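# Summary of structural features
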Amino acid sequence: MTVDLLITDAYIYIDRNREIPNGWIAIKNQRIHSHGHSSEPPPAASTTRSAHGQLVTPGLINAHHHMYQNLTRSYAPVTNGTLFEWLQGLYPLWAALDEESVYLSTFIAMVELLMGGCTTSMDHMYVHPQPFLIDAQFRAAREIGFRFHATRGSMTRSVEDGGLPPASVVQDEDTILADSERLAGKFHDATPGAMGRVALAPCSLFSVSERIMTESAALAEKHDLRLHTHLAEDPDEDRYCAEIYGCTPTEYFERVGWASPRSWVAHYIYPSKDEIDRLAHAGVCTAQCPCSNMMIGGGAADAMDMRRRGMRVGLGCDGSASTDHASMWLETRMALLLGRFRNGPHSMSARDALDMATRGGAACLGREDETGHLNPGACADLVIWKMSDIALAGALTDPVEAWLRCAPATAGTTIVNGKILVEDGIPLIAGINDILRAHTREARRIQRLTD
Ligand SMILES: [Zn+2]
């Protein structure tokens, strides 16, 4: 018996419960085959590589993102606006999204994620000025070999209905529901090890009708899909729900049938403790986006308190609303800083943050059995991290803390589904320079830059 790939001499973080200093890990048939300490003989391998002195972790999992927004990164007219000002400034530009620009933005986002050590990502695509945009995203994911969970986002309430976006980027209910079923039928792969799945994701409680919320929940039940939305992100949402629905955002979420283990929500900053307990008990997971929260300058959820209450918490880069980056390493570090800044030095460790970025994200996506850890049988999604000897000079006692505390880490080697997609920090993806040039062209078109 010969395995496909053997990585030796590494410090291997298997999951929260097991680390192997100076160990090896073997991959066969797109799965983790085995691992062990260097004193135990490894299996024979077709390819062996030494990761001497380097940290190996499960690939990080991005539980909340809006990839198309890299077409309008750090767009100068709105960089200092509030969330709503930022959205109102950008919606008219996003109305020009089409299949080509969404394909290119997804491609770039996925390559950037790979370079930051992320091997599985969702995307919350909720602006649909044209059809088949998520089809274009799957095309990019398949070309790269990225493990992708698309979420069919939606908005029905335009300015005319008291919503925020212009009419050009909202859709009618029947179109949304029919497209949700079409995408699930075409792209959702429920089998173990799937590279593509689909979830349903109305943008937020205040941007879609009640019918979309209830029927999305019913469709998810019918097709066994997961559900995602932004929840309790802004105090304005409390006021909106009180006025329109006569309850809090969490109470409305429960009323429309979303408080179930199918659901994960983004942010969840302003619930009461009792509401956190209720959703935790219902099995709802949360994605925290620390960089986004801090850049917007609003509040942030207390992730460690949520975890203590039994809620599973993942991490997400979120869109360019906030951070304009797609590094899950950076997001993980920010989660650590935010947690400690909030609750003191005893409140959170690098391992807590890494656990959120791996198993927490896997729980959000409903993949905890086979992603977010490196136990035998898991999907072969892993990262050998790259840090300079200078940045690590003097860090001798704890490679996991050093990974998150010392200077920026990037992925040296990123492996997805057993395949090396980044090597020595460089993406091994054909045509990336052409994609980048085309992305710049589309970004200029969408930002209406003429000179
Ligand atoms: Zn978001």
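Residues numbered from 1 in each chain as written. Predicted model: local features only at pLDDT ≥ 70, side-chain atom pairs only at ≥ 80, totals over all residues. Heavy atoms only, no water.

The protein chain is annotated in an unreviewed UniProt entry as 8-oxoguanine deaminase from Acetobacter fallax. Under Sequence similarities (unreviewed entry), UniProt gives the following word-for-word description of the protein chain: "Belongs to the metallo-dependent hydrolases superfamily. ATZ/TRZ family." (UniProt positions renumbered as here; feature names shortened; annotations may be inferred.)

### Notes on the overall build of the protein chain
When helices and strands are counted, the protein chain shows 15 helices and 17 strands. With the C-alpha coordinates aligned to their principal axes, the bounding extent of the protein chain is approximately 70 × 50 × 45 Å. Within the protein chain, buried positions represent 60% of all 451 residues. Here the contacts in the protein chain between residues at least 6 apart in sequence split such that 74% fall between residues at least 24 apart. Taken as a whole, the protein chain presents about 16,900 Å² of accessible surface, with 53% of it coming from carbon and sulfur. Averaging the positions of the 40 positive and the 55 negative side-chain charges in the protein chain gives two centres separated by 4 Å. (Helix = DSSP H or I, 4+ residues; strand = E, 2+ residues; numbered from the N terminus. Buried < 20%, exposed > 50% of the residue type's maximum accessible area, 1.4 Å probe, protein only. Contact = heavy atoms within 4.5 Å. Areas by Shrake-Rupley, 256 points an atom, 1.4 Å probe, with all protein chains shown as cover. Lys, Arg positive; Asp, Glu negative; His and termini not counted. Charge placed at Lys NZ, Arg CZ, Asp CG, Glu CD.)

### Describing the pairing of strand S7 (residues 118–125)
Of all eight residues that make up S7, eight are buried, and the element is covered over most of its length. Relative to S7, strand S6 (residues 60–62) runs parallel, the two sharing three bridges. Residue pairing across strands places Leu60 opposite Cys118, the latter belonging to S7. One ladder, built from six bridges, connects S7 with strand S8 (residues 147–154); its direction is parallel. If you follow Met125 over to S8, its bridge partner there is Arg152. (Pairing = 2+ DSSP bridges.)

### As for helix H4 (residues 173–187)
Its 15 residues give H4 an end-to-end C-alpha distance of 21 Å, which sits within 8% of 21 Å, the value for a rise of 1.5 Å per residue. Among the residues of H4, Ile176, Leu177, Asp179, Ser180, Leu183, Ala184 and Phe187 are the ones counted as buried. Down the axis of H4, the smallest arc covering the buried residues is 165°, so these residues share one side. Put simply, Asp172 is the residue that caps the front of H4, since its side-chain oxygen is 3.1 Å from the backbone nitrogen of Asp174. (Expected span 1.5 Å × (residues − 1). Arc of directions from axis to C-beta. Polar contact = N/O pair within 3.5 Å; in protein donor to acceptor, adjacent residues only side chain to side chain.)

### Side note on the coordination of the zinc ion
At the metal site, the zinc ion is ligated by His64 (NE2), His66 (NE2), His230 (NE2) and Asp318 (OD), and these contacts range over 2.1 to 2.6 Å. The coordination sphere of the zinc ion comprises four donor atoms, whose angles at the metal cover 88 to 171°; the geometry is irregular. Mapped onto the sequence, the residues coordinating the zinc ion show the spacing H-x1-H-x163-H-x87-D. The same class applies to His64 as to His66, namely buried. (Donors = N, O, S within 2.8 Å, 3.2 Å for Na, K, Ca; no water. Tetrahedral: all angles 85-135°; square planar, octahedral: opposite > 155°, others 65-115°.)

### Observations concerning the pattern of salt bridges
Across all of its chains, the model carries 38 salt bridges by this definition. Of the charged contacts, one joins Asp135 and Arg182 as a salt bridge, the two residues approaching to 2.7 Å between their closest N and O atoms. Highlighted residues: Asp135 in helix H3 (residues 133–144) and Arg182 in helix H4, separated in sequence by 47 residues. We note a salt bridge from Glu181 to Lys222, for which the minimum N-O separation is 3.2 Å. With Glu181 in helix H4 and Lys222 in helix H5 (residues 210–223), this residue pair connects regions lying 41 residues apart in the sequence. Relative accessible area serves as the criterion here: at 31%, Glu181 is assigned to the partly exposed category. Exposure remark for Lys222: the relative accessible area of 60% places this residue in the exposed category. One network of salt bridges, in which partners are shared, links Asp98, Glu100, Arg441, Glu442 and Arg445. (Salt bridge = Lys/Arg side-chain N within 4 Å of Asp/Glu carboxyl O.)

### Examining unusual backbone geometry
For Ser74, which is not a glycine, the phi torsion comes out positive at approximately 40°. Relative to the elements of secondary structure, Ser74 occurs in the loop between S6 and helix H1 (83–94). In this structure, Asp424 takes a positive phi of about 50° despite not being glycine. Secondary-structure assignment places Asp424 in the loop between strand S16 (419–423) and strand S17 (426–427).

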